[in-house]
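Coordinate inspection notes
Listed below are the residues making up each chain.
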Amino acid sequence: EKVSAMIQVPKDDEGMYICMVTRKGLIKRSSLDIYRSTRRNGIIAVTLREDDELAWVKLTSGNDDLLVATKKGMCIRFNENDARPLGRTASGVKGINVADGQVVGVATSLEGKYILVISEYGYGKMSDMNDYRLTKRGSQGVLTIKAGEKNGSLAKIVAVNGEEDILVVTNLGIIIRTSLKEVKVAGRNTLGVRIIRLANEQKVSSLCVTEAVEEEAEENTEVVSNEETTTNE
């Protein structure tokens, strides 16, 4: 067992919810109130099915949109009210059909107005959240980035406002920082641009958003704006 998520709860948390998403695409939404009292060794938050694991936990206001993306580059957007509130021991309902893939990222409309996606080999883009049509949970979603030999599988998806910095962590333990101000906003059905140039055998393994700071660009950080390619779904 290992820690999979940690969230900060505001003092005024009345009416807020916890949304949990597993690798196999199940979502469970529960009122934050039922987790108010805990024991030292913890309490059951979700009952996991065989060969599945809890990977994301999001705090929502009760009427937010959730965006769930898979390794194959598909993304679904649905309102959290499509998943009715469940008790602590429930396992959840299907949020996205992962087919033979798995979920790699979850974002909410509460977190930003753009969706930033990045592939294993450092290609990515920002797209307006409204480019993802609102639908019902349980489908495969729509294409958010074309995964392939050039850019690899989809690695991460986060919601941003477009003025932050991002910290990208590679599988070899290297951290690279770049500004989102240099990343072009592109349509959903595009390959994107090279956000980070990675050395051989490096892949994107994690991504986090942080406040922007003014500093000189690192030698191994490169943003290229002329590699955008439009693809068809």
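Now for a quick tour of the structure.

The rules behind the values
- Residues numbered from 1 in each chain as written.
- Predicted model: local features only at pLDDT ≥ 70, side-chain atom pairs only at ≥ 80, totals over all residues.
- Heavy atoms only, no water.
- Pairing = 2+ DSSP bridges.
- Helix = DSSP H or I, 4+ residues; strand = E, 2+ residues; numbered from the N terminus.
- Buried < 20%, exposed > 50% of the residue type's maximum accessible area, 1.4 Å probe, protein only.
- Polar contact = N/O pair within 3.5 Å; in protein donor to acceptor, adjacent residues only side chain to side chain.
- Contact = heavy atoms within 4.5 Å.
- Axes fitted to C-alpha atoms, helices over the stretch in contact; angles between N-to-C directions.
- Phe/Tyr/Trp six-rings, centres within 6.5 Å; stacked < 30°, edge-to-face > 60°.
- Lys NZ or Arg CZ within 6 Å of the ring centre and 35° of its normal.
- 1 Å grid on protein atoms, 1.4 Å probe; cavity = no way out; pocket = protein on both sides within 12 Å on 5 of 7 lines; lining within 4 Å.
- Points joined across faces, edges and corners; volume = space filled by probe spheres on them.
- Nonpolar A, V, L, I, M, F, W, Y, C, P; charged D, E, K, R; others polar.

1. Topic: the sheet that holds strand E14 (residues 193-194)
Strand pairing in a sheet relies on backbone hydrogen bonds. The paired strands run either parallel or antiparallel. Ordered in space as E11-E8-E9-E14, the 4 strands form an open sheet in which the pairing is antiparallel. This sheet does not close on itself; its edge strands, each paired only once, are strand E11 (154-160) and E14. Sheet topology places strand E9 (residues 123-128) next to E14; 2 bridges connect them, and they run antiparallel. Note on E14: the bridge partner recorded for glycine 124 is valine 193.

2. Considerations on the pairing of E11
When you tally the buried positions in E11, you get 7 out of 7 residues, the bulk of the element. Where strand E8 (residues 114-119) and E11 come together, 6 bridges link them in antiparallel fashion. Residue pairing for E11: isoleucine 115 is matched across the bridge by alanine 159.

3. Looking at the side chain of asparagine 79
Looking at the element boundaries, asparagine 79 is found in strand E5 (residues 74-79). A distance of 3.2 Å separates polar atoms of two side chains, one belonging to asparagine 79 and the other to aspartate 65. A distance of 2.9 Å separates the side chain of asparagine 79 from the side chain of asparagine 81, its partner in a polar contact. In this structure asparagine 79 touches Asn63, Asp64, Asp65 and Leu134, once residues within four positions along its chain are discounted.

4. Quick word on the sheet that holds strand E12 (residues 165-170)
Ordered by their spatial adjacency, 3 strands build an open sheet running E13-E12-E15, and the pairing between neighbours is antiparallel. Across the chains shown, the open sheet's two edge strands, defined by having one partner strand only, are strand E13 (175-179) and strand E15 (204-210). Shown here is a sheet whose adjacent strand axes are inclined to one another by a mean of 20°, direction ignored. As defined by bridge partners, E12 adjoins E15 across 6 bridges and the pair is classed as antiparallel. Looking at E15, one finds that valine 169 is bridged to serine 206.

5. What about unusual backbone geometry?
Even without being a glycine, aspartate 51 presents a positive backbone phi close to 65°. By the secondary structure assignment, aspartate 51 is in the loop between strand E2 (26-31) and strand E3 (54-60).

6. Remarks on the packing of aromatic side chains
Within this structure, the stated rule accounts for 0 aromatic pairs. Looking at arginine 29, its charged tip hangs above the ring of tyrosine 17, at a distance of 4.4 Å from the centre.

7. Some points on the layout of surface pockets
What the largest pocket holds in volume is close to 990 Å³. As for the largest pocket, its lining consists of 25 residues, and the residues nearest its centre are Ser4, Ala5, Ala45, Leu54 and Val57. Mapped by element, the contributors of at least two residues to the lining of the largest pocket are strand E1 (17-22) and E3. Sorting elements by how many residues they give to the lining of the largest pocket places E3 first, with 3 residues. When its residues are assigned to classes, the lining of the largest pocket shows 17 nonpolar, 4 polar and 4 charged. When its volume is computed, the second largest pocket comes out at roughly 430 Å³. Lining of the second largest pocket is provided by 22 residues; of these, Trp56, Lys58, Val106, Val158 and Leu207 occupy positions nearest its centre.

8. Brief notes about the pairing of E1
The element E1 is largely enclosed, with a buried count of 5 among its 6 residues. Across 6 bridges, the pairing between E1 and E3 is antiparallel. Residue pairing in the sheet places valine 21 in a bridge with tryptophan 56 of E3. Where E1 meets E2, 5 bridges bridge the pair, whose relative direction is antiparallel. What sits directly across from isoleucine 18, in E2, is serine 30. Where E1 hands over to E2, the hairpin turn is made up of 3 residues, of which glycine 25 adopts a positive phi near 90°.

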